[in-house]
Amino acid sequence: MQLDGLHKKVALLGVAALSAGLLAACGSDSDTTASSDSTSSGASAAASSGSDNSAEVEAAKADLEGFLVKPTKINQTEPLTKPIPTDKPWVIITCELPACKIIADGALDAAKTAGVPTKVLSYKTTDATTLTTSMKDALGMDPLAVSPIGFTQAVWDGLQPQYKAKGVKITPIAVGDTTPSDVVTEGSASQVDYSRGGELMANYVIADSGGTAKILLQDVPAFAVLKAYADGFEKTIKSGCKACTISRLDLAPAQLASNGIVPAIVSALQKDKSIDYLATSDGAFLIGINASLKAAGLDGLKIVGGSPDVNNLKALQNDSQTAWTAAAEDQYGWVALDIIGRTLNGQEVAPAGGGRSTLVTTKENVGEPSSSGLDAPADYRDQYKKLWGLS
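**Notes on the pattern of salt bridges**
With the rule as written, the count across this model stands at 18 salt bridges. Among the ionic contacts, a cluster of salt bridges with common partners joins Asp219, Lys227, Asp231, Glu234, Lys238, Arg248 and Asp250.

Written as structure tokens, this is what we have:
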């Protein structure tokens, strides 16, 4: 999701969990947790054995096929067997941040297109209880379905029995620990999508480096969707690149509020100047990274990762950053409404609703950077209308 400045996705993906104590299981938020977990076979070992990594590079390139050009088709292909009901409101629960607005506006656009009435409730990212209250209020509106945007499922998971009693489904949007049940549907932009984004970026790095990358991977694992991205990246590097090495820098949520992300990265890179790739699970956390690296004599690294904001995408144009996995955030609501329709019809719903539109974005394909991440497919509205029997 894209937010302005430092506030981009911190709150949207679960900052309120700090006040609610929901991050306890993820470890302390007061200290940096840095781990150097290199692949078992490093570059020197590969060189001494004379191993050929060309097969790994070709495999990485093969996985990237189709993800280096802007998509022209949505990932949902099976038409709805019956129209989406229009007799009850779809309740969308948003927050006060710009990213929530992008997603919520897209959801409202989808509902208007399908003729589905809507109700919009909100919560504050600094107070998890406000989301619980909105989830309870939504249930009293006799809704078609309810879609909370962002946050961890743990905030509202205890309400499932109440939703089940009233026969109401919950379709989460951008929730990184979505656990489907007879109440909770597959999520729109869940951990499935984020993990796949990490895999794609790892394969980009393998291909770009010729299978010899030395990587620092920065993450804030307390946020489930970010951890999914980082885990997908790390797993792919370790399994697909014997001559690559990867060290993980796991930071705590408190460091976001104190602007400590970039200093921690710089410090880690100063300890090992042989690192040539900096990967992050969230591009918008890297505010001022290029200037900071240059001041530390560390410019020249290739910077890659997930969840770019418009500044990350602009940085591709002047070669100050290298590649980002961008997704069409204004389409998340369309995917969510499609999931709702399929669920109510008893149709099969693939994990993450069939997958979100994704582009491994580089200087060559970024075009005009969009605040919503990825502005494709250009005619996605018409494609959904056809899928829903509206055209």
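Moving on, there is more to tell.
**A closer look at the confidence of the model for the protein**
The pLDDT averaged across the protein works out to 87; a share of 86% of its residues lies at or above 70. Considering only residues more than four positions removed or in separate chains, one finds that residues 1-51, a stretch of pLDDT under 50, has 139 contacts.

**What about the sheet that holds strand β5 (residues 169-170)?**
Within a beta sheet, neighbouring strands are joined by backbone hydrogen bonds and run either parallel or antiparallel to one another. If you trace the four strands from one edge of the open sheet to the other, you get β3-β2-β4-β5, paired in parallel fashion. Across the chains shown, the open sheet's two edge strands, defined by having one partner strand only, are β3 (118-123) and β5. Both strand β2 (residues 90-95) and strand β4 (residues 145-148) contribute to a ladder of four bridges, which runs parallel. Bridge pairing in β4 places Val91 opposite Val146. Of the strands in this sheet, β2, β3, β4 and β5 touch helix α5 (residues 128-139), which is tilted by about 160 degrees from β3.

**Quick word on the nonpolar core**
One finds Trp90, Tyr163, Phe233 and Trp388 to be the most contacted residues of the largest nonpolar core, which totals 107 residues. Element by element, the count of residues in this core is highest for helix α7 (residues 191-209), at eight residues. For Phe233, the contacting residues outside a window of four places in its chain are Gly198, Glu199, Met201, Ala202, Val205, Ile215, Leu217, Ile246 and Ala279. If you look at the next biggest cluster of nonpolar residues, it comprises five residues, including Ala328, Leu359, Leu374 and Ala376.

**Description of the state of the cysteines**
Enumeration over the complete set of coordinates arrives at two disulfides. Note that Cys95 is cross-linked by a disulfide to Cys100, the S-S spacing being 2.1 Å. Note on the Cys95 and Cys100 pair: the S-S dihedral is about 100 degrees, so by sign convention the disulfide is right-handed. Accessibility expressed as a relative area gives 1% for Cys100, which makes it buried. Shown here is the disulfide that connects Cys241 with Cys244, its sulfur atoms set 2.0 Å apart. What sets the handedness of the Cys241 and Cys244 disulfide is the S-S torsion sign, and at about 60 degrees it is right-handed. Residue Cys241 is classed as buried on the basis of its relative accessible area, which comes to 0%. Ordinal numbering of bonded cysteines along the protein defines a disulfide pattern of 1-2, 3-4.

Parameters and conventions
Residues numbered from 1 in each chain as written. Predicted model: local features only at pLDDT ≥ 70, side-chain atom pairs only at ≥ 80, totals over all residues. Heavy atoms only, no water. Salt bridge = Lys/Arg side-chain N within 4 Å of Asp/Glu carboxyl O. pLDDT = per-residue confidence, 0-100. Contact = heavy atoms within 4.5 Å. Pairing = 2+ DSSP bridges. Helix = DSSP H or I, 4+ residues; strand = E, 2+ residues; numbered from the N terminus. Axes fitted to C-alpha atoms, helices over the stretch in contact; angles between N-to-C directions. Core = buried A, V, L, I, M, F, W, Y, C linked by side-chain atoms within 4.5 Å. Buried < 20%, exposed > 50% of the residue type's maximum accessible area, 1.4 Å probe, protein only. Disulfide = S-S within 2.5 Å.

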